[in-house]
Amino acid sequence: METVTVIDSHTEGEPTRVVIEGAPHLNGHSVAEKAADFRKRHEDFRRAVIGEPRGHDAIVGALLVEPDDASSETGVIFFNNVGTLHMCVHGTIGVIATLAHLGRITRGLHRLDTPVGTVTAHLGENSLISVENVVSFRHQKDVEIDVEGLGPITGDVAWGGNWFFLVEDHGLDLAATELGELCRVAGEIRRALERNGIHGVDPTTEEGSFQVIDHIELFDRPTREDCDSRNFVLCPGGEYDRSPCGTGLSAKIACLAADRRLRNGQRWVQESIIGSRFIGRYHDAKDRPDAVVPTISGGAWITGRNELHFDEEDPFVEGILRN
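These numbers come from a predicted model, not from an experiment.

*Asks:* Let's hear about helix H4 (residues 179-195): which residues, and what values?
*Replies:* Between the first and last C-alpha of H4 there are 24 Å, a value that for 17 residues agrees with the 24 Å anticipated at 1.5 Å per step. Within H4, burial applies to Leu179, Leu182, Val185, Ala186, Gly187, Glu188, Ile189, Arg190, Ala192 and Leu193. Tucked inside the fold, the buried residues of H4 contact strand E9 (136-147), strand E10 (151-159), strand E11 (163-167), strand E14 (215-220) and strand E15 (229-234). A positive backbone phi angle near 65° is found at Gly197, which sits one or two residues after H4.

Right under this line is the structure:
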C-alpha cells in the first residue's frame, strides 16, 4: 500500500491540493525542467492524486520542489485534471496558506519559484494573502472570431501567467444558474480560436513559440456593490474557476492598463461567478512599456489533511481514465 499525504485548501472557493509527502522524484535542475519531467513521466500520479475517485475535476494540485534560487521558500509545480499549468495565483495563495498551516512560514514576504518565473507572496492577517505575479501583458486587441451558436465576437488575447481570451461583449447571462451553458459556449469560443489559428507566444523565451490559449474569460456587471466587474473563467480541463481567477485577473489588469482604464496602483475588484472576490493592482514592469506586474489579493482556508491510499488491487488506483 503506497500513500501520499496532502493538505487541502480553498482560495475564495477554488480548491488547491498540496502534496507534502509521497511525491515522485523529478529530474531537472530548474523548476521548469522538473515541470517538464513531471508532465512527461508522471501522468499516472497526476490523475491519481486529483482525479476521481480521490478527487474531482476542479482541484488544482501543487508539488513542492527545490527552488531555483536559495532565497526562495520553495519551488512549485501546478497541475490540474488535464495536465500541468504554467502558473496559478489561487494555487499560490493556497500554497502559502498551507506552508503557514505547517509552521514553515510566518507573516511577511515569501518568494516562490514557478515554471514561468519567481513570484512574491505576502502572508497577512485574517487569511489575506497577496501575490505579486509574473509580468503580464496584452498580446492582441480586438480579435474577432465566429463562434458556433453565438456568432461573431471580439476579445483580447493576454498573458497573466496563463494565456487568456477575454470577452466583454458576449450577450450571455453570467449567473451561477447558467453554468452549463457558460461552459458550453466558452468551450465553443476556445475551439473557434483553435480553428482560426489564434495563439499566444511563449513569454519565457526569445524564440516566441506558439502556445494554445487554454483559458476563456467572460465579463459582466458585478452583483456586489464592492466589485468592479463579474467574471466567468473556463479552465483548460473544462471546469470553471470558482474563484475570480488570479492569472485571469492579471490578464484583465494588463488589458485595462493598456487601454488606460486603470492607473498604476489603482485597485480593481473582481467578483467570481460564485460571488467571491479578488483585489488586483499593478505597477509598471521594468524595461517593458507594454507590460505590468499585477498583485492579486485574496483569502485561503485549510479544509483538511488527507492520506491518499494507492492499493495495487484497486482497479482505479491510477484514477478514472476518460476518453
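*Asks:* Can you lay out the packing of aromatic side chains for me, pointing to particular residues and giving the numbers?
*Replies:* Overall, the coordinates contain 5 aromatic pairs when judged by the stated rule. Seen in terms of ring centroids, Phe137 and Trp163 are 5.8 Å apart; in terms of plane orientation they differ by 85°. Their pairing is edge-to-face. Separated by 26 residues along the polypeptide, Phe137 in strand E9 and Trp163 in strand E11 bring together distant segments of the chain. The burial state of Phe137 is the same as that of Trp163; both residues are buried.

*Asks:* Residue-level account of the nonpolar core, with values.
*Replies:* Grouped together as the largest cluster of nonpolar side chains are 65 residues, with contacts concentrated most on Phe78, Ile145, Phe165, Ile189, Leu218 and Phe232. Ranked by residues supplied to this core, first place goes to H4 with 7 residues. Beyond its immediate chain neighbours, meaning those up to four positions away, Phe232 contacts Leu174, Leu179, Leu182, Cys183, Ala186, Ile216, Glu217, Leu218, Tyr240 and Ile273.

Conventions and cut-offs
- Residues numbered from 1 in each chain as written.
- Predicted model: local features only at pLDDT ≥ 70, side-chain atom pairs only at ≥ 80, totals over all residues.
- Heavy atoms only, no water.
- Helix = DSSP H or I, 4+ residues; strand = E, 2+ residues; numbered from the N terminus.
- Expected span 1.5 Å × (residues − 1).
- Buried < 20%, exposed > 50% of the residue type's maximum accessible area, 1.4 Å probe, protein only.
- Contact = heavy atoms within 4.5 Å.
- Phe/Tyr/Trp six-rings, centres within 6.5 Å; stacked < 30°, edge-to-face > 60°.
- Core = buried A, V, L, I, M, F, W, Y, C linked by side-chain atoms within 4.5 Å.

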